[in-house]
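Topology and contacts: notes
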Amino acid sequence: MRNNPDLAANEKDTAIEITDIDQQTVQLHVGPNNISEKHRNRSVVEVDGADTADWRIRIDEKKLALLHKEDHVTSFSTPEKGFPEWGRQKSGPQSDHWISMKHLVDKDARIYGLGEKTRYLEKSNGNYEMWNRDTNGFYTHNEDPLYMSIPFYIVAPPTNQPTANNQYLGIFVDQPELSQFDVKHRAGRDKIGLAVASQTLDLFVIQGSGIRQIIQRYTDLTGKPFFPPKWALGYHHSKYGAPKNQQEALELASQFRNREIPCDALYFDIQHMEAYKVFTWHSESFSDPEKMIQQLHDRNFKTVTIVDPGVKLEPGYSVYDSGSNEDVYVKNKEGDNFAGSVWPGLCVFPDFVQTRVRDWWAAQNKRLLDIGIDGIWNDMNEPAIFFGENELQQLVHQIKTKVDQGKPLDYSVKRRLIDMGAEASNGLIHSTDSGQKVSHLHVHNTYGLYEAQATKKAFRDVKPQERNFILTRAGFSGIQNYAATWTGDNSSTWEHLRLSIFMTINLGLSGIPFSGPDVGGFDGDVEPELLTRWIQLGSVLPFFRNHSSIDTIPQEPWSFGEPYESINRRFIQFRYELLPYLYTLFYQAHKTGIPIIRPLFMEFPNDQQASTIQTEFMLGSSLLVAPAVEREANKVHLYLPPTRTGNEQYWQDWWTGETLLSGHHIVDAPLDHLPLYLREDHGVPTMNTVLNTEQTPSTLYLRCNLTNKVEVPIYDDDGHSFDYQQGNYFKGNYEITKTKDEMKINLTTNHQGFDPFWNEVKLLPAGYDVNN
Ligand code: MIG
């Protein structure tokens, strides 16, 4: 129900309305009275206004208070037009319209989410912009914006006021346009400035008693995370520029198998194409890709190819011709196909906003899927454009004039070229399905999301029974329903190893559980020690892919010899031992949106110290990870939280079984060690390691830290098809209890529609190495 209150306007032409969604959720609309329609992002999948009138707004002076059943929930300052005084535009086009509000929060509130953002785990004291942006090969630890825009944040109550009401809030600014989030910074310590380059500001306010509830509701609105096939949870290997040809791909595969380092997928970066023409293969280096893929499949390797959105402008190139005939490309102001330069030279860009264009793109993707490609990696879909054709011609003209006049060429020419790249997409024009023209400003941040929709359709068309794997760089709220993401072009530095923890955690808190960094770092040469530490960390992150830039030294798990190779192998094996646990967590994430890795304060919300810990995290609710994040760190500081109710508890060292009491510790972390602790009365299902997810052991191990009772939930299915949606899955709960001198395992089966991989279950004693 839409509730258009008397208190509507503080400026005569501005209307404020609310739509009751449910107890937890209300939608707020701010905008000029006369705007009835706008181009909305389509990320919201479910907005049924309920027919209740529980939510109200009250406006007094310059404050807009939201009430639920007379209880005050949160307040905003009344909306203002124009670019806000606290704003700081870093990228994106100039806009004639801005609308802003300030969200009033406790000065000690903690702010999380905002998707793929740098800096620290907690987001206060920063200004964040939403404008999908390629950073040209690397980014710094405080760079902003990056590739993906998730205009959603969580307000967690201050932990220093245990008596304060334990209210959590989620704010989703449902606008795809360029926007700004000033978190307790220039807008004031007790405010979050929200500004959108738009005439309207639509947002959802979600209230809840914990982070879980907030994320569940946010992912009800924007879509639940897709459920990947099992192989996507394995170790993946990638490098820009390698393998250079079919032969090298097969050799790489042999290396993994001969060295007994588990691996599930190999990636083919842009070198696989002919002149970077999307959906082609290099005629000499990859002359028979279908055969190569078959040979890799025979050895249980899955294959993933990169797909860039730019289509080389080259009459005679079938993809280009087909798109021209069907008129699928984005237009410039003059109404012609926009041409901008990327890897192949001048390119045109599909207008993914239109359904018929997405269908066309899906049909193009079939060229890869038909020959057996298993996963699609969407890069450069911000979209990243090096420069536009018209601007380049102007620049060339300027340069020529300077040269003719005998004037020197200086740095400004180079600078101009870089700026041109950022500006290239600004004037583009898209069309909607109904033929309405829309400026790129409204589409930019959703371009990658629309592309992912098209790619998903390709999979559905070619392999309707099979689950799929799409990896995307750019995205917007809702992307979790289609694709996994990686954090782009990071660097091979310790700082970026730490950053990768914060970024992956915050992506999870932003509804995107399936993400991870380029393990080992993309830009720059990795040090052997850093690679090993990153592999240890990666083994417990949701997406585990080693990737690096062209011309950097090789960072294969064996590149630095011993002792590194053995340690790297051990942790990649460990990843596979954890699969039963990870798979169950992925299933839960798919059903609920709950992240796979979690900040400590999510599991221990009332513990003030937990809220200050940055580099430790929980994998699921049972395992605490305290990775070494510094060079030559032979020890790490470890904080083990007390129980949820604040009582002491015993944690168990995963590797030795030694028990440690909650509190602060300094523990050993030599290079071959990842500090890992099992929570009291919690357990983790594991299995023997395998070389890839096609292999299945027959024993399920339950590793428990048992005092009174442990419950280990477990899920399994065929690992690759959609049959689970027809009930072909197994879901159960192992309950382990201890009496005086015996342990009892009891299985409660919640759903028995599939024979799970194991035919025996064993308790795994601490310190027992399942591989020996
Ligand atoms: O302009 O395809 O982030 O992962 O290796 C660089 C080459 C294009 C950027 C991606 C990176 C990928 C690289 N790409």
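Within each chain, residue numbers correspond to sequence positions counted from 1 in written order. Per-residue local features of the predicted model are confined to residues with pLDDT of at least 70, and side-chain atom pairs are confined, for both listing and counting, to 80 or more; whole-chain, interface and lining totals are unaffected and use all residues. As a rule here, side-chain values cover all heavy atoms of the structure and leave hydrogens and water aside.

1. Observations regarding the site of the ligand
Throughout this document, a residue counts as near a molecule or strand when at least one of its heavy atoms sits within 4 Å of that molecule or strand. Around the ligand, the structure places 13 residues, and the nearest of them are D269, D379, R473, D489 and H547. Within the side chain of D269, an N or O atom sits 2.6 Å from an oxygen atom of the ligand. Polar contacts, as used here, are pairs of N or O atoms within 3.5 Å; protein pairs need one atom able to donate a hydrogen and one able to accept it. Residues neighboring in sequence count only if both atoms are side-chain atoms. For the ligand, an oxygen atom lies 2.5 Å from a polar atom in the side chain of D489. Protein burial of the ligand: of its 350 Å² of free accessible surface, 94% is covered by the chains. For this classification, the nonpolar set comprises Ala, Val, Leu, Ile, Met, Phe, Trp, Tyr, Cys and Pro, the charged set comprises Asp, Glu, Lys and Arg, and every other residue, Gly included, is treated as polar. Here the shell around the ligand is composed, by residue class, of eight nonpolar, one polar and four charged. Note on areas: Shrake-Rupley, 1.4 Å probe, and residue coverage restricted to the protein chains presented here.

2. Comments concerning the packing of helix 5 (residues 355–369) against helix 8 (residues 447–462)
Every angle, taken between N-to-C directions, lies between 0 and 180 degrees, and every axis is a line fitted to C-alpha atoms, over only the stretch in contact when it is a helix. By definition, any uninterrupted DSSP run of H or I lasting at least four residues is a helix, any uninterrupted run of E lasting at least two residues is a strand, and each is numbered from the N terminus. Contact geometry of helix 5 with helix 8 gives a least axis separation of 8 Å together with a crossing angle of 55°. Taken as axis vectors, helix 5 and helix 8 run oblique relative to one another. Crossing geometry of helix 5 relative to helix 8 is assigned as right-handed. When helix 5 is examined against helix 8, the residues R358, D359, W361, A362, N365, K366 and L369 are found in contact with a partner set consisting of Y450, E451, Q453, A454, T455, K457, A458, F459, D461 and V462. Here the contact of helix 5 with helix 8 is built from residues that sort into eight nonpolar, three polar and six charged. Convention used here: angles under 35 degrees read as roughly parallel, angles over 145 as roughly antiparallel, angles from 65 to 115 as roughly perpendicular, and any remaining angle as oblique. Crossing handedness: left-handed means the near helix sits turned counterclockwise from the far one by under a right angle, and right-handed means the same turn made clockwise. Contacts were defined at the residue level, with two residues in contact if any of their heavy atoms lie within 4.5 Å.

3. With respect to the side chain of D681
Position of D681 among the secondary structure elements: in the loop between strand 40 (676–678) and strand 41 (682–686). Among the polar contacts made by the side chain of D681, one reaches the main-chain amide nitrogen of T707 at a distance of 2.8 Å. Beyond its immediate chain neighbours, meaning those up to four positions away, D681 contacts N705, L706, T707, N708, K709 and V710.

4. As for the pairing of strand 5 (residues 63–68)
Burial analysis of strand 5 places five of its six residues in the buried class, which makes it a mostly covered element. The pairing of strand 4 (residues 55–60) with strand 5 spans six bridges and is classified as antiparallel. Counted as the bridge partner of W55 is H68 from strand 5. Sheet topology note: the strand 5/strand 6 (residues 71–77) ladder contains six bridges and is antiparallel. The partner of K63 across the bridge, within strand 6, is S77. Each residue is placed in one exposure class: buried if its accessible area under a 1.4 Å probe, protein chains only, is under 20% of its type's maximum, exposed if it is over 50%, and partly exposed if it falls in between. Think of it this way: DSSP has to see at least two bridges between two strands before they count as a pair.

5. A look at the pattern of salt bridges
Where charged atoms from two side chains of opposite charge approach closely, those side chains can pair. Criterion for a salt bridge: a side-chain nitrogen of Lys or Arg within 4 Å of a carboxyl oxygen of Asp or Glu. Across all of its chains, the model carries 37 salt bridges by this definition. Of the charged contacts, one joins K117 and D144 as a salt bridge, the two residues approaching to 2.8 Å between their closest N and O atoms. Of this pair, K117 sits in the loop between strand 9 (110–113) and strand 10 (126–130) while D144 sits in the loop between strand 10 and strand 11 (148–149); the two residues are 27 residues apart in sequence, bridging distant segments of the chain. One exposure class covers both K117 and D144, and it is buried. Between E694 and K302 there is a salt bridge; the shortest N-O distance is 2.9 Å. Taken as a pair, E694 in the loop between strand 41 and strand 42 (699–705) and K302 in strand 19 (residues 302–307) lie far apart in primary sequence, 392 residues in all. Overall, E694 belongs to the partly exposed group, its relative accessible area being 45%. What emerges from the salt-bridge pattern is a single network uniting D134, D379, E382, R473 and D489.

6. Focus on the confidence of the model for the chain
In this model, the chain carries a mean pLDDT of 93, and residues with pLDDT of at least 70 account for 94%. Least confident of the elements in the chain is strand 1 (residues 2–3), whose mean pLDDT is 46; most confident is strand 32 (residues 545–546), at 99. Within the model, pLDDT remains below 50 along residues 1–10, and this stretch shows 30 contacts once partners closer than five positions in the same chain are excluded. Residue-level confidence of the predictor is what pLDDT reports, using numbers from 0 through 100.

7. Quick word on the sheet that holds strand 20 (residues 311–312)
Judged by pairing direction, the sheet is antiparallel, and its four strands sit side by side in the order 20-22-21-24 without closing on themselves. The sheet is open, and its two edges are formed by strand 20 and strand 24 (387–388), each paired on a single side. Where strand 21 (residues 340–342) lies against strand 24, two bridges are found, and the strand directions are antiparallel. From the neighbouring strand, G340 faces strand 24, where its bridge partner is G388.

8. Let's talk about helix 1 (residues 211–222)
Multiplying 1.5 Å by the residue count of a helix minus one yields the expected span of that helix. Along its twelve residues, helix 1 runs 16 Å from first to last C-alpha, staying within 8% of the 16 Å computed at 1.5 Å per residue. Within the span of helix 1, buried status applies to I211, I214, I215, R217, Y218, T219, L221 and T222. The first or second residue beyond helix 1 is G223, which carries a positive phi of 115°.

9. As for the nonpolar core
Core analysis: the largest hydrophobic core is formed by 170 residues, its most contacted members being F469 and L619. Residues in contact with L619, not counting those within four places in the same chain, are V540, L578, Y581, L582, L585, I596, I597 and V625. What makes a nonpolar core is a set of buried Ala, Val, Leu, Ile, Met, Phe, Trp, Tyr and Cys residues whose side-chain atoms join them at distances within 4.5 Å. Core analysis: the second largest hydrophobic core is formed by 32 residues, L28, I57, Y128 and L203 among them.

10. Brief notes about the sheet that holds strand 30 (residues 515–516)
The nine strands lie next to each other as 30-29-27-23-19-18-17-32-31, forming an open sheet whose pairing is parallel. The strands lining the two open edges of the sheet, one partner per strand, are strand 30 and strand 31 (518–519). Direction of pairing for strand 17 (residues 236–237) relative to strand 18 (residues 265–268): parallel, over a ladder of two bridges. When the sheet's bridge partners are listed, H237 is paired in strand 18 with L266. The strands touched by helix 8 are strand 19, strand 23 (375–378) and strand 27 (469–472); relative to strand 23, the strand with the most contacts, the crossing angle is about 165°.

11. Comments concerning the packing of aromatic side chains
Side-chain rings of Phe, Tyr and Trp, where Trp is taken by its six-membered ring, are said to pair if the distance between their centres is within 6.5 Å; with planes under 30 degrees apart they count as stacked, over 60 as edge-to-face, and otherwise as tilted. Inspection of the entire model under this criterion finds 46 aromatic pairs. Each ring, one from F227 and one from Y715, has its centre 5.9 Å from the other, and the planes form 70°; the classification is edge-to-face. Of the two residues, F227 sits in the loop between helix 1 and strand 17 while Y715 sits in strand 43 (residues 709–716), which places them 488 residues apart along the sequence. Judged by its relative accessible area of 4%, F227 falls in the buried class. A connected cluster of aromatic rings, assembled from ring pairs, spans F279, Y320, Y329, F352, W360, W361 and Y447. Our definition puts a charge over a ring when NZ of Lys or CZ of Arg is within 6 Å of the ring centre and also within 35 degrees of the ring normal. It is R460 that lies over the ring of F722; its NZ or CZ is 4.4 Å from the centre. Over the aromatic face of W654 sits the side chain of R703, whose NZ or CZ is 4.8 Å from the ring centroid.

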